[in-house]
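A structural walkthrough
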Amino acid sequence: MIEANDTELKVQQNTVDIKLVQQDLRTIKNVHLKTIETDLRKIDKKIEKVDLRLWGIMMLIVGSTLANYFM
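For the structure given in this document, a descriptive report is provided here. (Residues numbered from 1 in each chain as written. Predicted model: local features only at pLDDT ≥ 70, side-chain atom pairs only at ≥ 80, totals over all residues. Heavy atoms only, no water.)

1. Here's the deal with the overall build of the protein
Looking only at helices and strands, the protein has one helix and zero strands in total. Its C-alpha atoms give the protein a radius of gyration of 30 Å, clearly above 11 Å, the size a compact globule of 71 residues would have. Each principal axis of the C-alpha distribution contributes one length, and for the protein these read about 100 × 25 × 5 Å. One way to put it: in the protein the 11 positive side-chain charges average out to a point 12 Å from where the 10 negative ones average out. (Helix = DSSP H or I, 4+ residues; strand = E, 2+ residues; numbered from the N terminus. Rg over C-alpha atoms; globule rule 2.2 N^0.38 Å. Lys, Arg positive; Asp, Glu negative; His and termini not counted. Charge placed at Lys NZ, Arg CZ, Asp CG, Glu CD.)

See below:
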């Protein structure tokens, strides 16, 4: 009988712990998801700027190569 009672207590404690973890996960999902989305937008804009600069540099290299070819 002592073992059954001890097992029930462990099951109840595990149930409480699982519910606490679920609540923490909901909080992380709801609060931090907005922050992560904002950060990703900022990073996306920076990557787009770098991409445009690299295309510009590539065009300058190709243009100067073609200019030297025809001179």
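Right, picking up where we left off after that structure.
2. Re the environment of V50
Its location among the elements puts V50 in helix 1 (residues 2–69). For V50, a relative accessible area of 42% gives the class partly exposed. C-alpha separation for the pair V50 and L9, spaced 41 residues apart in sequence, amounts to 59 Å. (Buried < 20%, exposed > 50% of the residue type's maximum accessible area, 1.4 Å probe, protein only.)

3. Considerations on a nonpolar patch on the surface
Judged by side-chain polarity, W55, M58, M59, V62, L66, Y69 and F70 come together as a nonpolar surface patch covering roughly 830 Å² of accessible area. Among the secondary structure elements, L66 is positioned in helix 1. Residue class for L66 comes out partly exposed when judged on its relative accessible area of 45%. (Patch = residues over 30% accessible without salt bridge, like charges linked within 9 Å, V, L, I, M, F, W, Y side chains within 5 Å. Areas by Shrake-Rupley, 256 points an atom, 1.4 Å probe, with all protein chains shown as cover. Salt bridge = Lys/Arg side-chain N within 4 Å of Asp/Glu carboxyl O.)

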